[in-house]
Amino acid sequence: MLTPTLALRSLANRRLATSLTVASIALSVALLVGVEAVRRGVREGFAGTIRNTDLIVGARGGSQQLLLSSVFGIGSPAGSMTWKTYERWSKHAAIAWTIPISLGDSYRGFRLIGTTPEFFERYRFRDDGRITLASGRLLAGESDLVIGSMVAERLGLRLDTAIAVTHGLRGEGIADHDHHLFTVVGILAPTLTPVDRSVFVTLEGITAMHEDPEEEHEEDRANRKDAAGAPQAHSHDAEQESITAFLAGTQNRFESLGLQREMNTDVTEPLTAILPAVALTELWNSIAYAEDGAQIISGAVLLVGLLGMLVALYSTLEERRREMAILRSLGAGPRRIASLLVFESGVLSAAGAVAGMAAAYAVIIAGRGVAEQRFGVWIQVAAPGTLEWAYLIGVVVAGLLVGLLPAWRAYRNALADGLTVRL
Amino acid sequence: MTPTAERAVVFSDVRFRYRTGSEVLSVDRFEIGTGERVFLHGPSGSGKTTLLGLVAGVLPATAGRVEVLGRALGDLRPSERDAHRGVHIGYLFQLFNLIPWLSVEENIGLPCRLHAARRARLPGGSIERAVAQLAERLAIVPLLGQRVNELSVGQQQRVAAARALIGAPRLVIADEPTSAIDTDLRDRFIELLFSQCAEAGSSLLFVSHDLSLSARFDRSVSLPAINRVTA
Ligand SMILES: Nc1ncnc2c1ncn2[C@@H]1O[C@H](COP(=O)(O)OP(=O)(O)OP(=O)(O)O)[C@@H](O)[C@H]1O
Ligand SMILES: [Mg+2]
């Protein structure tokens, strides 16, 4: 018990140097833990983009393409499926509910989603988050239009504004469907999901929008067929005859996998079905190399922090040689003297690790509001996971190891100096 | 001649060299009797501190036999030598005797905290009481609560003496403890040291340049006279 007491007294005597060393370690630990926590938070936020939906089904194509186009509004869908196919699957015994989605148009850069009012009821994000209205009402008629919070903010749209929607996904004004005007009837509350960047109309609205002079339509369709290399999502004519994709909930979660296989192998119409949770994880992993860079940088910072501690401990050695000789004269062995230094470095690194962890979480909790508002990123604050604990233990162990070098020097000095008190 | 066990220190044909240097000491015979007060002198660099290191068991003899308080240090393991020193020897440095990050009181009590056997020799095993008693005798009671770096050199030496004397070590070693204090203070300090050693029955090995002190000791030894290595 004497070694810890002595080491602590010695550290307390050098308060300024001690706190600076602890602060530098804390800083690097905070960075390491912070990067990890943010990474995990963003990943969990990302994984929570769509919940409750067991399957997303679209025309035969890549699963990432389906996920990106249907959930994130990125890229174009692989194609469309017939309404008949949709109806057939929605009546499948294992399926509890389905929501059709029709994509392919945009409004001033924000994508248009044609769907049923049920979409807002079924859609869940993160921990049972629901889409709620900030103002107005949800979809009812074919001229109704509901916008996500970001759309409202960026475009400064208010309720009751009448707008024309762009045919196709890019640009504006080239081929506006201005014969069919929509009216903003509802503005959604922020969800920090792609919903915020979406514009919703009913399927009937989509159909009505495309009921224009045939020739323009044909020409359009031909153009877009070229661009996307596949038939477009919404070649509706007078009747609703096709959709882009549909979301589905199963009667029993465990049937999702079986259903997915059934849909993927169905020969009537070639489809691709994905499990959103699985596809989201795949997507995340495919872009995850970016996080490695952050990890490497924070690891390097930690290394610098530990080296700083080594320098701090090592530089005190010369001036402490006197003190070591006194301890030697009092019967302290060279081992005791070495262990004092190792204990000191252990205390420094442990204090730094704990302070750094606390600081990281404090900053995340305080700063996530800003991240939410400024960057629209949801950061899930989770209790420290195994990786964080491993970091903590790793830092303390590394600190002890770093302390071994000055300790070894002190050990050697203690043996070589005798009782010569060097100044 | 008194049997070995009754002598505090016996050197027989001891040689010593630092790992890095040439031979410093070669002493055929050097003894200190139990309760004897020995004055050791010699010019700077003649090896006085080195000899004390051998007695204390901090430096191992390169050859020969060093016996301290009835134990041949060469036969002990390093850790046993450290314990032997901690329990039975009180050591006083010339300067900078105190550990700066401990209070006066903690400095005095430290040898007993480091070695249970030293503590066991205190009356009632109470460090606080032993510290209080020594402080009383050395007139440093008002200093007990003070920070070490707030003390004068003379005060520091008395605190160091209290630490060397606590638990009545059987051998007290002092390496020029008075060289930094004035004559008046020096005389009183030596009186205190003598009376405490006498009370505890401790032997005293006292190193100094100052030959005027030698008359007060039982015996005066010149290191160059017993050391065959000439500087
Ligand atoms: N730790 C050491 N390593 C190597 N050589 C040393 C060491 N300590 C002392 N010496 C050498 O041993 C010799 C004797 O030194 P020592 O300190 O014993 O002399 P001293 O008689 O105590 O001198 P002083 O009166 O100045 O204190 C010197 O030549 C010194 O250079
Ligand atoms: Mg000396």
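If you're wondering where the values come from, they're calculated on a predicted model, not measured in any experiment.

Novice: Could you give me a rundown of the overall build of chain B, with the residues and numbers involved?
Specialist: Assigned secondary structure in chain B consists of 8 helices and 9 strands. Compactness check: chain B gives a C-alpha radius of gyration of 17 Å against a globular reference of 17 Å for 231 residues, within 12% of the reference. Accessible surface, chain B as shown: approximately 9600 Å² in total, 50% of it carbon and sulfur. One finds the centroid of the 27 positive side-chain charges in chain B at a distance of 5 Å from the centroid of its 24 negative side-chain charges.

Novice: I'd like a rundown of the site of ligand 1, residues and numbers included.
Specialist: What surrounds ligand 1 is a group of 17 residues, the closest being B:Ser44, B:Gly45, B:Lys48, B:Thr49 and B:Thr50. Mapping the residues near ligand 1 onto chains gives chains A and B. Within the side chain of B:Tyr18, a nitrogen or oxygen atom sits 3.2 Å from a nitrogen atom of ligand 1. Here an oxygen atom of ligand 1 sits 2.5 Å away from a polar atom, N or O, in the side chain of B:Ser44.

Novice: Tell me about the confidence of the model for chain A, residues and numbers included.
Specialist: Mean pLDDT for chain A: 84, with 89% of residues reaching 70 or above. Long-range and interchain partners of residues 213–238 of chain A, a stretch whose pLDDT sits below 50, account for 47 contacts in this model, where long-range means more than four residues apart.

Novice: Break down the layout of surface pockets for me, with residues and values.
Specialist: Put simply, the second largest pocket is a space of about 500 Å³. Forming the boundary of the second largest pocket are 23 residues, of which A:Leu415, A:Ala416, A:Asp417, B:Arg19 and B:Leu59 lie nearest the centre. Those elements that provide at least two residues to the lining of the second largest pocket are α12 (321–329) and α14 (386–417) of chain A together with β1 (7–17) and α2 (78–88) of chain B. In terms of residue count, the dominant contributor to the lining of the second largest pocket is α14(A) (6 residues).

Novice: If you had to explain helix α11 (residues 289–319) of chain A to someone new, which residues and values would you point to?
Specialist: Residues and elements named next belong to chain A. If you check α11, its first and last C-alpha atoms are 47 Å apart, about what 31 residues at 1.5 Å a residue would give, namely 45 Å. Taken together, the buried positions of α11 are Glu291, Gln295, Ser298, Leu302, Gly305, Leu306, Met309, Leu310, Leu313, Thr316 and Leu317. Buried residues in α11 make contact with α2 (15–47), α10 (276–287), α12, α13 (334–375) and α14.

Novice: Report on the side chain of A:Thr250, specifying residues and quantitative values.
Specialist: Tracing the backbone through its elements, the reader meets A:Thr250 in strand β15 (residues 245–250). Only 3.1 Å separates the side chain of A:Thr250 from the backbone oxygen of A:Asn252, close enough to count as a polar contact.

Novice: Quick rundown of empty space enclosed by the protein? Include the residues and the values.
Specialist: Residues and elements named next belong to chain A. If you walk through the whole model with that rule in mind, you get 5 cavities of 30 Å³ or more. What the largest cavity holds in volume is close to 80 Å³. The wall of the largest cavity is formed by Ile50, Ser70, Val71, Ile101, Arg111, Ile113, Phe119, Tyr123, Val195, Ser198, Phe200 and Leu247. Only α3 (63–72), β5 (110–115) and β13 (198–202) provide two or more residues apiece to the lining of the largest cavity. Of the residues in the lining of the largest cavity, the class split is 9 nonpolar, 2 polar and 1 charged. Its volume calculated, the second largest cavity comes out at about 70 Å³. Around the second largest cavity, the lining residues are Leu317, Arg321, Met324, Ala325, Arg328, Ala410, Asn413, Ala414, Asp417 and Gly418. Listed by contribution, the elements that provide at least two residues to the lining of the second largest cavity are α12 and α14.

Novice: Go over the interface of chain B and chain A, please, and point to the residues and values.
Specialist: The interface is formed by 28 residues belonging to chain B together with 26 residues belonging to chain A. Of the roughly 2500 Å² buried between chain B and chain A, counting both surfaces, carbon and sulfur atoms make up 65%. Its salt-bridge partner being B:Glu106, residue A:Arg9 comes within 2.2 Å of it at the nearest N-O pair. The interface formed by chain B and chain A holds 6 residue pairs in polar contact (both at pLDDT 80 or more) in total. Listing elements by their share of the side of chain B that touches chain A, those giving two or more residues are α1 (48–56), α2 and α3 (104–114) of chain B. Of the residues forming the side of chain B that touches chain A, the biggest block, 5 residues, is contributed by α3(B). Taken together, the residues that form the side of chain B that touches chain A break down as 15 nonpolar, 6 polar and 7 charged.

Novice: How would you summarise the pattern of salt bridges if you had to cite specific residues and measurements?
Specialist: Under the definition given, this model contains 26 salt bridges over all chains. Here A:Arg14 ties to A:Glu344 by a salt bridge, and the two come within 3.1 Å at their closest N and O atoms. On the criterion of sequence distance, the pair formed by A:Arg14 in the loop between α1 (2–13) and α2 and A:Glu344 in helix α13 is long-range, its members being 330 residues apart. B:Glu80 is paired through a salt bridge with B:Arg77; the nearest N and O atoms lie 3.7 Å apart. Exposure remark for B:Glu80: the relative accessible area of 31% places this residue in the partly exposed category. The exposed category is assigned to B:Arg77, whose relative accessible area is 53%. Connected through salt bridges with shared partners, the residues B:Arg186, B:Asp187, B:Glu191, B:Asp210 and B:Arg216 form a single ionic network.

Novice: Describe helix α5 (residues 127–137) of chain B, and please don't skip the residues or the numbers.
Specialist: Residue and element names in this part refer to chain B. For α5, the full list of buried residues reads Ile127, Ala130, Val131, Leu134 and Ala135. End-on, the buried residues of α5 take up no more than an arc of 130°, which puts them together on one face. Its side-chain oxygen placed 3.0 Å from the backbone nitrogen of arginine 129, serine 126 serves as the N-cap of α5.

What counts, and at which threshold
Residues numbered from 1 in each chain as written. Chains lettered and ligands numbered in written order. Predicted model: local features only at pLDDT ≥ 70, side-chain atom pairs only at ≥ 80, totals over all residues. Heavy atoms only, no water. Helix = DSSP H or I, 4+ residues; strand = E, 2+ residues; numbered from the N terminus. Rg over C-alpha atoms; globule rule 2.2 N^0.38 Å. Areas by Shrake-Rupley, 256 points an atom, 1.4 Å probe, with all protein chains shown as cover. Lys, Arg positive; Asp, Glu negative; His and termini not counted. Charge placed at Lys NZ, Arg CZ, Asp CG, Glu CD. Near = heavy atom within 4 Å. Polar contact = N/O pair within 3.5 Å; in protein donor to acceptor, adjacent residues only side chain to side chain. pLDDT = per-residue confidence, 0-100. Contact = heavy atoms within 4.5 Å. 1 Å grid on protein atoms, 1.4 Å probe; cavity = no way out; pocket = protein on both sides within 12 Å on 5 of 7 lines; lining within 4 Å. Points joined across faces, edges and corners; volume = space filled by probe spheres on them. Expected span 1.5 Å × (residues − 1). Buried < 20%, exposed > 50% of the residue type's maximum accessible area, 1.4 Å probe, protein only. Nonpolar A, V, L, I, M, F, W, Y, C, P; charged D, E, K, R; others polar. Buried area = accessible area lost by both parts, 1.4 Å probe. Salt bridge = Lys/Arg side-chain N within 4 Å of Asp/Glu carboxyl O. Arc of directions from axis to C-beta.

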